[in-house]
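Notes for the structure review
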Amino acid sequence: MPELPEVETTVAGLRAVLEGATLARVEPRRADLRFPIPVDLRQRLTGATVTGLSRRAKYGLIDTDRGDTLIFHLGMSGRWRIDPAQIGAHDHLLVETGAGRLLALNDPRRFGSLDLVRSEAWESYSPFTRMGPEPLGPDFDAAYLARMLAGKATSIKAALLDQRIVAGLGNIYVCEALNMAGIAPVRQAGRIGARRLALLVESIRAVLTAAIAAGGSTLRDYARPDGELGYFSKQWRVYGREGELCGCGTPIRRRVDGGRSTFFCPKCQK
Ligand SMILES: [Zn+2]
């Protein structure tokens, strides 16, 4: 499942093909993904020029010179394919540039989404309106986190997954950051001291930055024909490593709450 670093890497890969490009052909191949695809998407994007690409949380944004912004979400299984050798049943949107590059948005499980908003109003797109700051942005720091967590009786893990507190963090990176910061996932969010919160913010930034760097280093593979954007292998500290040894020599544990697994070291994380 694509998380923030995969989306960031995807946007970087798309930027290499799309920035400044004219969209010669835009062809949705079905009416909906998780939600309906705007019926005027083809008409509004065909012939437009891409002026910029960016990311907000786990959404990619593609701006055009017509004042429209295409917003995509990769859901559980979405990926962009570059110059695919063949178009498959799960390629739900085709985009061809004036230079003859072809992009296909592939999403077998169709939990992703495609939407079109006016660029000047992108922040009022409904998933964004109540979203917290970007974890890699300037507004996310220890003082902010302390304010948001004050008095909170929920676990720190649940608080970090709450998109209103911080945007775009998913299960994997929350497990990794809590391990790096030495904080137990079940620790009550409102009862973590300032020094440990500062370490947590640093850890969140570090795990995301390392993953984005790992994704970026694979970008030259994407640029090849038949490349796929958005997935790359990473080395986890605790995620998916139940029973293996933490750096401290203690076996990593897994607990399951509400169907979601948490991986942690019972010795390092207090
Ligand atoms: Zn440990």
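This text goes with the structure placed above it.
Keep in mind it's a predicted model, so treat the numbers as computed, not measured. (Residues numbered from 1 in each chain as written. Predicted model: local features only at pLDDT ≥ 70, side-chain atom pairs only at ≥ 80, totals over all residues. Heavy atoms only, no water.)

Some remarks on the nonpolar core
To be explicit about the condition: As used in this record, nonpolar core signifies buried Ala, Val, Leu, Ile, Met, Phe, Trp, Tyr and Cys residues forming a set joined through side-chain atoms within 4.5 Å. Here the term buried applies to any residue with accessible area under 20% of the maximum for its type, exposed to any over 50%, and partly exposed to those in between, with areas from a 1.4 Å probe on protein chains only. Only DSSP runs of H or I with at least four residues qualify as helices, and only runs of E with at least two residues qualify as strands; both kinds are numbered from the N terminus onward. Residues are treated as being in contact if the distance between any of their heavy atoms lies within 4.5 Å.
Ranked by internal contacts, the top residues of the largest apolar core, which has 30 residues, are Leu-145, Leu-149, Ile-156, Leu-160, Leu-200 and Ile-204. When residues of this core are traced back to their parent elements, those giving at least two are helix H4 (142-149), helix H5 (156-161), helix H6 (171-181) and helix H7 (194-216). A total of 8 residues in this core trace back to one element, the largest contributor, which is H7. Once you skip the residues sitting within four places of it in the chain, Leu-160 turns out to touch Leu-145, Val-166, Leu-169, Val-174, Leu-178, Leu-200 and Ile-204.

Digging into the coordination of the zinc ion
What counts, and what does not: Only nitrogen, oxygen and sulfur atoms qualify as donors, and only when within 2.8 Å of the metal (3.2 Å in the case of Na, K and Ca); with water excluded, sites may look incomplete. In these descriptions, tetrahedral denotes four donors with every angle between 85 and 135 degrees, square planar four donors and octahedral six donors with opposite donors over 155 degrees apart and the rest between 65 and 115, and irregular any other case.
Coordination of the zinc ion by the protein comes from Cys-246 (SG), Cys-248 (SG), Cys-265 (SG) and Cys-268 (SG), over a distance range of 2.2 to 2.3 Å. Here the zinc ion is ringed by 4 donor atoms whose angles at the metal span 104 to 114°, and the overall shape comes out tetrahedral. Donor residues for the zinc ion sit on one chain with the sequence pattern C-x1-C-x16-C-x2-C. Taken together, the residues span a long stretch of sequence, with Cys-248 in the loop between strand S9 (227-228) and strand S10 (253-257) and Cys-265 in the segment after strand S11 (260-264) at a distance of 17 residues. The partly exposed category is assigned to Cys-248, whose relative accessible area is 31%.

Details of the side chain of Arg-81
The condition is simple: What qualifies as a polar contact is a pair of N or O atoms within 3.5 Å, subject to a donor-acceptor requirement within protein and to the restriction that residues adjacent in sequence count only when both atoms come from side chains.
Along the polypeptide, Arg-81 turns up in strand S5 (residues 79-82). Taking the relative accessible area as the measure of exposure, Arg-81 reaches 13% and is therefore buried. Among the polar contacts listed, one links the side chain of Arg-81 to the backbone oxygen of Gln-86, at a separation of 3.3 Å. Looking at Arg-81, its side chain comes within polar contact range of the side chain of Asp-91, at 2.7 Å.

Observations concerning the packing of aromatic side chains
Heads up, the rule is: Two aromatic rings from Phe, Tyr or Trp, using only the six-membered ring of Trp, form a pair when their centres are within 6.5 Å; if the ring planes differ by under 30 degrees the pair is stacked, by over 60 it is edge-to-face, and anything between is tilted.
Scanning the entire structure with this criterion turns up 9 aromatic pairs. When the centroid spacing of 6.2 Å and the interplanar angle of 90° are considered together, the rings of Tyr-59 and Tyr-125 count as edge-to-face. Here the residue Tyr-59 occupies a position in strand S3 (residues 59-64), and Tyr-125 occupies one in the loop between strand S8 (113-118) and helix H3 (126-129), the gap between them amounting to 66 residues. Tyr-125 matches Tyr-59 in its accessibility class, with the two residues each being buried. Relative to Phe-263, the ring of Tyr-239 has its centre 5.1 Å away and its plane inclined at 65°; by these criteria the two rings are edge-to-face. With Tyr-239 in the loop between S9 and S10 and Phe-263 in strand S11, this pair connects stretches of sequence that are 24 residues apart. Residue classification places Tyr-239 among the partly exposed positions, given a relative accessible area of 24%.

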